[in-house]
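# A closer look at the structure
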Amino acid sequence: MLGCGPIEYLARWRMALAKDALMRGTKTLDGIADEIGYESASAFSTAFRKRLGCSPGKFARNASVQPATLDG
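This text gives an overview of the structure that appears in the document. (Residues numbered from 1 in each chain as written. Predicted model: local features only at pLDDT ≥ 70, side-chain atom pairs only at ≥ 80, totals over all residues. Heavy atoms only, no water.)

## Some remarks on the side chain of R14
Tracing the backbone shows R14 in helix 1 (residues 6–24). The side chain of R14 is buried and forms no salt bridge, while E39, the nearest opposite charge, is found at 8.7 Å. At 3.0 Å, the side chain of R14 and the backbone oxygen of G37 are in polar contact. (Helix = DSSP H or I, 4+ residues; strand = E, 2+ residues; numbered from the N terminus. Buried < 20%, exposed > 50% of the residue type's maximum accessible area, 1.4 Å probe, protein only. Lys, Arg positive; Asp, Glu negative; His and termini not counted. Salt bridge = Lys/Arg side-chain N within 4 Å of Asp/Glu carboxyl O. Polar contact = N/O pair within 3.5 Å; in protein donor to acceptor, adjacent residues only side chain to side chain.)

Now the structure itself:
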(Lines give C-alpha, C1' and ligand atoms only; values in the text may rest on other atoms or scores of the structure.)
Protein backbone atom coordinates (compact mmCIF):
# COMPACT_ATOMS: atom_id res chain seq x y z
CA MET A 1 0.00 0.00 0.00
CA LEU A 2 2.81 2.43 0.82
CA GLY A 3 5.06 1.37 -2.02
CA CYS A 4 7.88 0.22 0.22
CA GLY A 5 8.62 -2.37 2.87
CA PRO A 6 8.39 -1.81 6.62
CA ILE A 7 12.12 -1.22 7.12
CA GLU A 8 12.27 1.33 4.31
CA TYR A 9 9.17 3.06 5.66
CA LEU A 10 10.75 3.26 9.11
CA ALA A 11 13.98 4.67 7.68
CA ARG A 12 12.05 7.33 5.75
CA TRP A 13 9.97 8.24 8.80
CA ARG A 14 13.06 8.55 11.02
CA MET A 15 14.77 10.83 8.49
CA ALA A 16 11.63 12.94 8.14
CA LEU A 17 11.60 13.43 11.92
CA ALA A 18 15.32 14.23 11.87
CA LYS A 19 14.95 16.78 9.07
CA ASP A 20 12.12 18.49 10.94
CA ALA A 21 14.18 18.67 14.14
CA LEU A 22 17.20 20.01 12.25
CA MET A 23 15.12 22.70 10.56
CA ARG A 24 13.71 23.79 13.90
CA GLY A 25 17.22 24.01 15.34
CA THR A 26 16.17 23.40 18.94
CA LYS A 27 17.85 20.03 19.57
CA THR A 28 21.41 18.75 19.56
CA LEU A 29 22.53 15.95 17.25
CA ASP A 30 22.75 13.69 20.30
CA GLY A 31 19.19 14.57 21.23
CA ILE A 32 17.87 13.97 17.72
CA ALA A 33 19.78 10.69 17.40
CA ASP A 34 18.40 9.44 20.71
CA GLU A 35 14.86 10.58 19.92
CA ILE A 36 14.67 8.75 16.60
CA GLY A 37 16.37 5.58 17.79
CA TYR A 38 20.07 5.78 16.95
CA GLU A 39 22.66 4.68 19.49
CA SER A 40 24.90 7.69 18.87
CA ALA A 41 25.14 10.97 17.04
CA SER A 42 27.85 9.40 14.90
CA ALA A 43 25.59 6.54 13.77
CA PHE A 44 22.81 9.03 13.07
CA SER A 45 25.13 11.32 11.08
CA THR A 46 26.37 8.40 8.98
CA ALA A 47 22.83 7.23 8.20
CA PHE A 48 21.69 10.79 7.45
CA ARG A 49 24.59 11.38 5.05
CA LYS A 50 23.96 8.05 3.26
CA ARG A 51 20.25 8.77 2.74
CA LEU A 52 20.35 12.50 2.03
CA GLY A 53 23.82 13.09 0.62
CA CYS A 54 24.91 15.74 3.13
CA SER A 55 25.72 15.97 6.81
CA PRO A 56 23.04 16.92 9.33
CA GLY A 57 24.95 20.13 10.08
CA LYS A 58 25.04 21.17 6.44
CA PHE A 59 21.35 20.34 6.07
CA ALA A 60 20.52 22.49 9.12
CA ARG A 61 22.61 25.42 7.84
CA ASN A 62 20.98 25.27 4.41
CA ALA A 63 17.51 25.01 5.95
CA SER A 64 18.10 28.09 8.11
CA VAL A 65 19.25 30.15 5.08
CA GLN A 66 16.34 29.32 2.80
CA PRO A 67 13.14 31.24 3.56
CA ALA A 68 9.98 29.25 4.15
CA THR A 69 7.40 29.37 1.39
CA LEU A 70 3.70 29.57 1.86
CA ASP A 71 1.36 27.56 -0.33
CA GLY A 72 -1.93 29.13 -1.25
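## Remarks on the packing of aromatic side chains
Applying the stated criterion to the full structure yields 3 aromatic pairs. The interplanar angle of 55 degrees and the centroid separation of 5.8 Å between the aromatic rings of Y38 and F44 together place this pair among those described as tilted. In this pair, the class of Y38 matches that of F44, namely buried. Measuring from ring centre to ring centre gives 5.6 Å for F48 and F59, while their planes differ by 70 degrees; the resulting arrangement is edge-to-face. Taken as a pair, F48 in helix 3 (residues 41–52) and F59 in helix 4 (residues 56–65) lie far apart in primary sequence, 11 residues in all. Feature note: the residues Y38, F44, F48 and F59 constitute an aromatic cluster, connected by ring pairs. Stacked on the ring of Y38, the Lys or Arg R14 has its end atom at 4.0 Å from the ring centre. (Phe/Tyr/Trp six-rings, centres within 6.5 Å; stacked < 30°, edge-to-face > 60°. Lys NZ or Arg CZ within 6 Å of the ring centre and 35° of its normal.)

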